[in-house]
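If you want the building blocks of each chain, they are given just below.
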Amino acid sequence: MNWVKVRRKLIDQKYLLLMVIPGIIWMLIFNYTPMYGIIIAFKDYKITKPISEAEWVGLKHVIEFFKDERFFLILKNTLGISFLKLIIGFPLPILFAIMLNEVKHNRFKKVVQTISYLPHFLSWVVLGGIMITWLSESGLLNELLLSMGLIKEAIPFIAKSEYFWGVVIVSDIWKELGWNAIIYLAAISGIDQSMYEAATVDGAGRLRKIWNITLPSIAGTITILLILAVGNMMNSNFDQIFVLKNTLNADASDVIDIFVYRMGIQSGRFSFATAAGLFKSLTAVVLLVSTNTIVKKINNTSLF
Amino acid sequence: MKSNRRTKSEIVFDTVNVLVMLLICFVLLYPIWYTVVHSFNDATDAMMGHLYWWPRKFSLDSYKAVFKSNEIFTAFGITAARTLIGTVTSVFFTAMVAYGLSKTELIGRKFFMGMGIVTMFFSGGLIPTFLLIKNLNLLDNFFVYIIPSLFSFYNLIIFQSFFRELPKELEESARVDGANDFLIFVRIIMPLSKAVLATIALFNGVYHWNEYFSGVIYINNTNIQPIQTYLYRIVAEASSAEMMANMPGGVRSTTISSQSIKLATMVVTTFPIVCIYPFLQKYFVKGMLLGSVKG
């Protein structure tokens, strides 16, 4: 393309460009400036001076992070919680969607569906507040367990590390079960009904039809969401854990994101915290790309 | 004989299925109901426990305390303001950029799209973002709720996939009449896109209503904290709620524990969303699908 043509195009598209450029500027400021800011992971940054004046220190902070006494603990917490979410939290919405689809009464189905979305619209602060109330020593759970004689004295569930992962998984499922089922329900409603009719003629029962028609038909959707879930394993649900964590359960609630917050914002170790954050983002990208590649090889379904 | 047996197993299947669905509904609703019951019960009485289904000693004291508190009132104002301003500006801004970028003939389109896609997979992270906000003088500034969430590339993709499906004839006839691209966007595209605008507005609105962390990390001035941040603070530090119940002009601290004020604030905060979401169901279901197919 020669210059005259480009100029003509620029003039033709001046309104379009005026609409697009503010978005580009926004991205440069709010996405790309922080990406540039990652360089403080390799510098000794002090908040009183601009980034450019800080001294280069190479991999000092990265090595310090790997050698930190809590490094393996936070890695274990991050991946442990994500792994449990994956094996318990991931299949449940699929199961729920399939079962809901089998409900024959349409109004009932609709009501169940509407109720199932409700918890998604609660904030994590509200839900976390409810969880903390229920799990406290005078809370509902202790009340029930005591009155059934299952425990002798109240257990402060939220103040103990050993229960924390369970609290996170259960509250996550409670909040997102119905919401995450939306996609599967839509995929199921797109299945050709004549397949079910043919199966019925062949004498197949409900479970058989679910196993041989419904599940294979939504396998593609499941695969894509699985890739995303695995690619997301390094990201904890910050909003959730930030509400539920406390100093007493820190050994189970200290995930990378929380660690970055504590080190950077609370202790002012900006360079060190940025190095920890960079480790997380890089591993997340590698995880996403490799899961995608593996699934593509096996299954021929992929995200990109 | 055979068909009879199959009907029997069908009945068993259906019964079990419906029972499981009812159980799920109960499990999802009960925690919310429990919170409502406790917020309407006398606080001292609630301390005795075993309060499950209906207020034992009905009392509005917790709600009176909530509505009397200036801090809570201000926080609600901030939440309402950020939800309204944040949603309107973000939806308009993102839609405008999306419309421009949906034109395949646009100069540099590939480059701009690439820039956006990178942001979906990689970000600067918490600390560099915090430093940016600080350098922009957005700390302790109401606009920290609005400007950093003005644009979303994820929503841009949803908008784009919708704009591409729109009929081209109207745009072309407007162009012949001499309208420029911006006017076409405002006068023709926006009115045709009500469904997708409503979907994104709903997601944005819920985000603004429920978001609490920017109030924790960027705001020290309690006069500009949103209600969720206020709630976070009383959830995290139960002691601050004790203080509120004992404040001058507050209702007697014997009838109100920090616990019941917390519950009443939660109910008041959640109430508006619970009332409107069932009516917007078709929009968010559609939005989820658009987002998942193209995203």
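The structure presented is a predicted model; accordingly, all values stated were derived computationally and were not measured. (Residues numbered from 1 in each chain as written. Chains lettered and ligands numbered in written order. Predicted model: local features only at pLDDT ≥ 70, side-chain atom pairs only at ≥ 80, totals over all residues.)

1. So, the overall build of chain A
Heads up, the rule is: Secondary structure is summarised from DSSP: a helix means a run of H or I of at least four residues, a strand means a run of E of at least two, and numbering begins at the N terminus for each. Each radius of gyration reported is based on C-alpha atoms, and the globular scaling rule is 2.2 Å times the count of residues to the power 0.38. Buried means a residue has 20 or more other C-beta atoms within 10 Å of its own C-beta, exposed means 12 or fewer, and partly exposed covers the counts in between; C-beta atoms are placed from the backbone. Throughout, a residue-residue contact means that the two C-beta atoms, derived from backbone geometry, are no farther apart than 7 Å.
Check the secondary structure of chain A and you find 16 helices and two strands. On C-alpha atoms alone, chain A measures out to a radius of gyration of 25 Å, which is more than a quarter above the 19 Å that the 2.2 N^0.38 rule sets for 304 residues. Within chain A, the fraction of its 304 residues that count as buried is 35%. The contacts in chain A between residues at least 6 apart in sequence include a share of 68% that link residues at least 24 apart.

2. Comments concerning the overall build of chain B
A tally of regular secondary structure across chain B gives 15 helices and zero strands. For chain B, buried positions account for 36% of its 295 residues. Across chain B, the fraction of contacts at a sequence separation of at least 24, relative to all contacts at a separation of at least 6, is 71%.

3. Considerations on the interface of chain A and chain B
As a reminder, the rule being used: Asp, Glu, Lys and Arg are counted as charged, while Ala, Val, Leu, Ile, Met, Phe, Trp, Tyr, Cys and Pro are counted as nonpolar; the rest, among them Gly, fall into the polar class.
Taken together, the contact between chain A and chain B spans 64 residues of the former and 70 residues of the latter. The element that contributes the greatest number of residues to the side of chain A that touches chain B is helix H2 (residues 14-37) of chain A, accounting for 15 residues. Per-class residue counts for the side of chain A that touches chain B are 42 nonpolar, 16 polar and six charged.

4. Quick look at the nonpolar core
The condition is simple: Throughout this description, the term nonpolar core refers to a group of buried Ala, Val, Leu, Ile, Met, Phe, Trp, Tyr and Cys residues whose C-beta atoms join them within 7 Å.
In terms of nonpolar packing, the biggest core is built from 67 residues, with Val125, Val167, Val260 and Ala276 of chain A together with Leu231 of chain B touching the most fellow members. At eight residues, the largest contribution of residues to this core is made by helix H7 (residues 124-135) of chain A. Judged by nonpolar contacts, the second largest core, of 27 residues, contains Ala95, Phe162, Phe185 and Val206 of chain B.

5. Section: unusual backbone geometry
Residues and elements named next belong to chain B. Its identity as a non-glycine residue notwithstanding, Asn137 has a phi of 60°, on the positive side. Here Asn137 lies in the loop between helix H6 (126-135) and helix H7 (153-165). Here Asp140, not a glycine, exhibits a phi torsion of approximately 55°, which is positive. Its location among the elements puts Asp140 in the loop between H6 and H7. Its 12 C-beta neighbours within 10 Å are what place Asp140 among the exposed residues.

6. A word on the confidence of the model for chain B
Residues and elements named next belong to chain B. Our working rule: How sure the predictor is of each residue is captured by pLDDT, a score from 0 to 100.
The predicted model of chain B averages 86 in pLDDT, with 89% of residues at 70 or higher. When mean pLDDT is compared element by element in chain B, H6 scores highest at 96, while helix H13 (residues 238-245) scores lowest at 42. Below pLDDT 50 for its whole length, residues 239-246 participates in 17 contacts with residues either more than four positions away or in separate chains. Between residues 250-255, whose pLDDT stays under 50, and residues either more than four places distant or in other chains, the model counts 15 contacts. Listed scores for the predicted complex are pTM 0.89 and ipTM 0.90.

7. Here's the deal with the packing of H2 of chain A against H6 of chain B
Defined as follows: Structural elements are reduced to axes, namely lines fitted to C-alpha atoms, with helices fitted over the stretch in contact, and the angle between N-to-C directions of any two is expressed from 0 to 180 degrees. The crossing is said to be left-handed when, going from far helix to near helix, the turn is anticlockwise and less than a right angle, and right-handed when the turn is clockwise.
In the contact formed by H2 of chain A and H6 of chain B, the axes pass within 8 Å of each other and the chain directions differ by 115°. In terms of crossing hand, the pair formed by H2 of chain A and H6 of chain B is right-handed. Contacts from Thr33, Pro34 and Gly37 of chain A in H2 of chain A reach Pro128, Thr129, Leu131 and Leu132 of chain B in H6 of chain B. When the residues that make up the contact of H2 of chain A with H6 of chain B are grouped by side-chain class, the tally is four nonpolar, three polar and no charged.

8. Re helix H10 (residues 194-210) of chain B
To keep it simple, the criterion reads: Expected helix span is computed as 1.5 Å times (number of residues minus one).
Here H10 of chain B spans 24 Å end to end across 17 residues, near enough to the 24 Å set by a 1.5 Å rise per residue. For H10 of chain B, every residue scored as buried is listed here: Val196, Thr199, Ile200, Ala201, Phe203, Asn204, Gly205, Val206, His208, Trp209 and Asn210 of chain B.

9. Some words on the environment of Leu73 of chain A
Residues and elements named next belong to chain A. Secondary-structure assignment places Leu73 in helix H4 (residues 71-89). Residue Leu73 is classed as partly exposed on the basis of its C-beta count, with 16 C-beta atoms lying within 10 Å. Every residue in contact with Leu73, bar those within four places of it in the chain, is listed here: Asp251 and Asp254.

10. Notes on the environment of Ala276 of chain A
Residue and element names in this part refer to chain A. Within the secondary structure, Ala276 sits in helix H16 (residues 270-299). With 28 C-beta atoms counted inside 10 Å, the residue Ala276 sits in the buried group. In this structure the C-alpha to C-alpha distance between Ala276 and His61, which are 215 residues apart in sequence, comes to 8.3 Å. Filtering out sequence-adjacent residues up to four positions away, Ala276 remains in contact with Phe65, Ile256, Phe259, Val260 and Met263.

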